[in-house]
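Commentary on secondary and tertiary structure
What follows is the residue order along each chain.
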Amino acid sequence: MSKRIFVFFVSVIMTFSIISTYATGDYEDVLENDDLIWYNDLQFFKPSGAIVGSRIESFVEQLEIPAEIEGVKVTAIEDRAFRGCEFLQSVKLPSGLVRIGESAFKDCEFLYEINLPDSLTYIDDWAFSGCVGLAHVEFSHNLIHIGERAFSGCKRLCEEFVLPDSLQSVGEFAFSGITPIDPIRIPANLTDIGEGAFACKRLTGIEVATGNPAYVAENGILFNKDKTILLACAENWKDTYEIPSTVTRIGSGAFEYRYLTEMTIPNHVTEMGESVFVACSKLESVILPSALTEIEGGTFIRCTSLEQVEFPKNLTRIGSAAFSSCSSLKKITIPETVSIIRENAFRRAGLREITIPSGVTGIGGGAFSGCDALRKVNFNAENCEFVGILDEWENVEFPVFEGCSALTEIIIGENVRSIPEFAFAGLGGYNGDSPLERVVIPESVTAIADNAFDEDGNFTIYGSADSYAQQYAERNSIPFVAVTSDKILPSVYATKGRNYTVTANIDFMREVSDKRVFTALYDEDGGIMAVDCQTITVPQRKVEVVLNFYTEFGPSASPDHVGVFIWDGEDKFNPVGYVYSTAVY
């Protein structure tokens, strides 16, 4: 008996192995097998009754799959069988078809019509993903499962969208990006819904059938039965939404495409999934819960109005593309507890200045790429294991600050020991010149990778005399200026419409009789809006000065940042001192 069982399992494994080989298009080793045949440009595996591939021409628009091929019923369309048939417009599937495989029709962009026979029970992951022309689907009355992202990106799918009563499970982001006209009804038998399944661009409502043991809907919000997980939100919620006290997790994609303007997530929420607020284009401010330790990937991607984010104090990780394309996000304070900033985390954000905390051990590739308003970086990460890696498990280099075309100043923190590869490379993008003018490197730095900066950069390194920074500069033919302080000319962000007092602690490079402290308030375009200049005469090399100024802001300008500079009266274009701390009141 045991020998028969062993032989049976071996035969099953071999059969599935062969099917898998055909499904991925690796047919060369089995083309002589009589079980694998071509029929009207369809490749058919007779033992499983599956269409495993095709050689239809790219311009074919109509396709009809027969119910039988050489007396064998067609019961399945295997993985990727028609993927990328870009001109395919209409497909007629046979009665008797049971399964549509993974990515079977993925990216068939012109596909607008397909019938799903009543025999169909299983639609696998990504089956119709990216079929942007698909406008109507009538589901089989025997359908049991719809896989992960099966219809994601089918943005025209809006008419007569009805889930069958037979349906038992729907995968993550299965219908992400569709635009149903009518409210979605969750059938009584549907007890397994993946997060983000109904992250639809337009969701007029969501209802749960009576007798469903797993889910409940209230006022257009979908929860699990005990209301500890918030899964989806209909578009009737605008401005803000008060999350119920029972909720401890906000599911992936829960508020995608909604018109919220502000959101305070209460402290009883301890977890948030990925892509929770994707493309919430009116969202301006967010307060995250204190217990949250990770911001998952894509959480706020394309929130173009987002201006303020209050991070939790115990945050440890910022996920990939978490704030990508948040073009109104000009200022953030990353908590010292953060250790990982994933790839593309702030790509194309509106940041003007950023401080990398001392505890950061890894920054993914492109984390701040395309931030074309970013002027200054304070790099305090003391022990970064990887910088500019696209993925922390795959060693693919991609500059962290690639395309930051306004970045002129980099300040390396006092306790930083090394500057790794690609840390500040690619600032000008692929074709532009590097904008970098000034890099301040402290004595603590004892190692700098040769490709840490752009080879064709036109910048100056400031640091202590006889330091490693000076050796690096001389070895790479970079101009070097010896200074007595390791911090230089910071810009401090100002608030709107009031008097300003700037306290600056200044370390002078040399003794001069008259020392002028020049303070300017700039608008977003770099224009000077107000100025205060004070002349002091003191014997000390270090001095604290207090400067005051006020301006009435013009109708088309708003204050953006304060700059503090020090000149002598004779050679005012060359600084004679450096600011190493400032405070704005």
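Look up: the structure comes first, before these words.
Residues numbered from 1 in each chain as written. Predicted model: local features only at pLDDT ≥ 70, side-chain atom pairs only at ≥ 80, totals over all residues. Heavy atoms only, no water.

Here we take up the overall build of the protein. Counting its regular elements, the protein contains two helices and 47 strands. In the protein, which comprises 585 residues, the share counted as buried stands at 52%. Contacts spanning at least 24 positions in sequence make up 44% of the contacts within the protein whose residues lie at least 6 apart. Carbon and sulfur atoms make up 46% of the accessible area of the protein, which totals about 26,400 Å². (Helix = DSSP H or I, 4+ residues; strand = E, 2+ residues; numbered from the N terminus. Buried < 20%, exposed > 50% of the residue type's maximum accessible area, 1.4 Å probe, protein only. Contact = heavy atoms within 4.5 Å. Areas by Shrake-Rupley, 256 points an atom, 1.4 Å probe, with all protein chains shown as cover.)

There is a patch of nonpolar side chains on the surface, built from Phe-59, Phe-87 and Phe-110 and spanning about 330 Å² of accessible area. Inspection of the secondary structure assignment puts Phe-59 in the loop between strand E3 (50-54) and strand E4 (62-64). Phe-59 sits in the exposed class, given a relative accessible area of 56%. (Patch = residues over 30% accessible without salt bridge, like charges linked within 9 Å, V, L, I, M, F, W, Y side chains within 5 Å. Salt bridge = Lys/Arg side-chain N within 4 Å of Asp/Glu carboxyl O.)

This part covers helix H2 (residues 468-475). Along H2, the residues classified as buried are Ala-469, Gln-470, Tyr-472 and Ala-473. Around the axis of H2, the buried residues are gathered within 160 degrees of arc, so they sit on the same side. If you follow the buried residues of H2, they end up packed against strand E38 (447-448), strand E39 (460-463) and strand E40 (480-482). Following H2 by one or two positions, Ser-477 has its phi on the positive side, about 55 degrees. (Arc of directions from axis to C-beta.)

Time to look at the environment of Glu-172. Tracing the chain through its elements places Glu-172 in the loop between strand E13 (169-170) and strand E14 (184-186). For Glu-172, a relative accessible area of 38% gives the class partly exposed. As for Glu-172 and Glu-148, which are separated by 24 residues in sequence, their C-alpha atoms are 4.7 Å apart.

As a further point, take the sheet that holds strand E10 (residues 113-114). Taking strand neighbours across the sheet as the criterion, the three strands line up as E4-E8-E10 in an open arrangement whose pairing is parallel. Either end of the sheet is taken by a strand with one partner, and the two such strands are E4 and E10. Pairing analysis gives two bridges linking strand E8 (residues 90-92) to E10, with the strands arranged parallel. Looking at E10, one finds that Ser-90 is bridged to Glu-113. (Pairing = 2+ DSSP bridges.)

Membership of the largest hydrophobic core comes to 80 residues, with the highest contact counts inside it found for Phe-255, Phe-277, Phe-323, Ile-341, Phe-346, Phe-368 and Phe-453. Elements supplying a minimum of two residues to this core: strand E18 (221-224), strand E19 (229-233), strand E30 (353-356), strand E32 (376-379), strand E35 (409-412) and H2. Take this core: its biggest share by element is three residues, from H2. When neighbours within four sequence positions are excluded, Phe-323 is seen to be in contact with Ile-295, Phe-300, Leu-306, Val-309, Phe-311, Ile-318, Leu-329, Ala-345, Phe-346, Arg-347 and Ala-349. Ranked by size, the runner-up nonpolar core spans 60 residues in total, among them Ile-65, Ala-81, Ile-123 and Leu-222. (Core = buried A, V, L, I, M, F, W, Y, C linked by side-chain atoms within 4.5 Å.)

A grouping of Glu-421, Asp-433, Asp-450, Glu-455 and Asp-456 is seen on the molecular surface, where their side chains present a negatively charged patch. With respect to the helices, strands and loops of the structure, Glu-421 is situated in the loop between strand E36 (418-419) and strand E37 (438-440). (Lys, Arg positive; Asp, Glu negative; His and termini not counted. Charge placed at Lys NZ, Arg CZ, Asp CG, Glu CD.)

The next point concerns the packing of aromatic side chains. Centre distance and the angle of the planes are the two values used to describe a pair of aromatic rings. Scanning all chains against the criterion turns up 21 aromatic pairs. Geometry around Phe-173 places Arg-149 over its ring, the cationic atom sitting 4.4 Å from the centre. (Phe/Tyr/Trp six-rings, centres within 6.5 Å; stacked < 30°, edge-to-face > 60°. Lys NZ or Arg CZ within 6 Å of the ring centre and 35° of its normal.)

Before going further, it helps to spend a moment on unusual backbone geometry. Phi is positive for Asn-40, close to 50 degrees, though the residue is something other than glycine. Of note, the phi angle at Phe-173 is positive, near 55 degrees, even though the residue is not glycine. Its place among the elements puts Phe-173 in the loop between E13 and E14. For Phe-173, a relative accessible area of 3% corresponds to the buried category.

Okay, the pairing of E18 next. Every second residue of E18 is oriented toward a common face, with Ile-221 and Phe-223 on one face and Leu-222 and Asn-224 on the other, all of them buried. One ladder, built from four bridges, connects strand E17 (residues 215-218) with E18; its direction is antiparallel. By the bridge assignment, Val-216 is partnered in E18 with Phe-223. Hairpin connection of E17 to E18: two residues between the antiparallel strands, including Asn-219 at a positive phi of 50 degrees. By the bridge criterion, three bridges tie E18 to E19 in an arrangement that is antiparallel. Pairing of Phe-223 across the sheet is with Leu-230, part of E19. Between E18 and E19, which pair antiparallel in sequence order, lie four residues; one of them, Lys-227, sits at a positive phi of approximately 60 degrees.

Once that is clear, we can look at the side chain of Asp-454. With respect to the helices, strands and loops of the structure, Asp-454 is situated in the loop between E38 and E39. Each residue touching Asp-454, except ones within four places of it in the same chain, is listed here: Phe-424, Ala-425, Gly-426, Leu-427, Gly-428, Ser-434 and Phe-459.

Scanning the entire structure with this criterion turns up twelve salt bridges. Taking the shortest distance from any N to any O, the salt bridge between Asp-165 and Arg-185 comes out at 3.2 Å. With a gap of 20 residues between them, Asp-165 in the loop between strand E12 (145-146) and E13 and Arg-185 in strand E14 connect regions that are remote in the sequence. Exposure remark for Asp-165: the relative accessible area of 47% places this residue in the partly exposed category. On the accessibility criterion, Arg-185 (39% relative accessible area) is partly exposed. One network of salt bridges, with partners in common, ties together Glu-78, Asp-79, Arg-99 and Asp-124.

As far as function goes, none of this settles anything; it's purely spatial.
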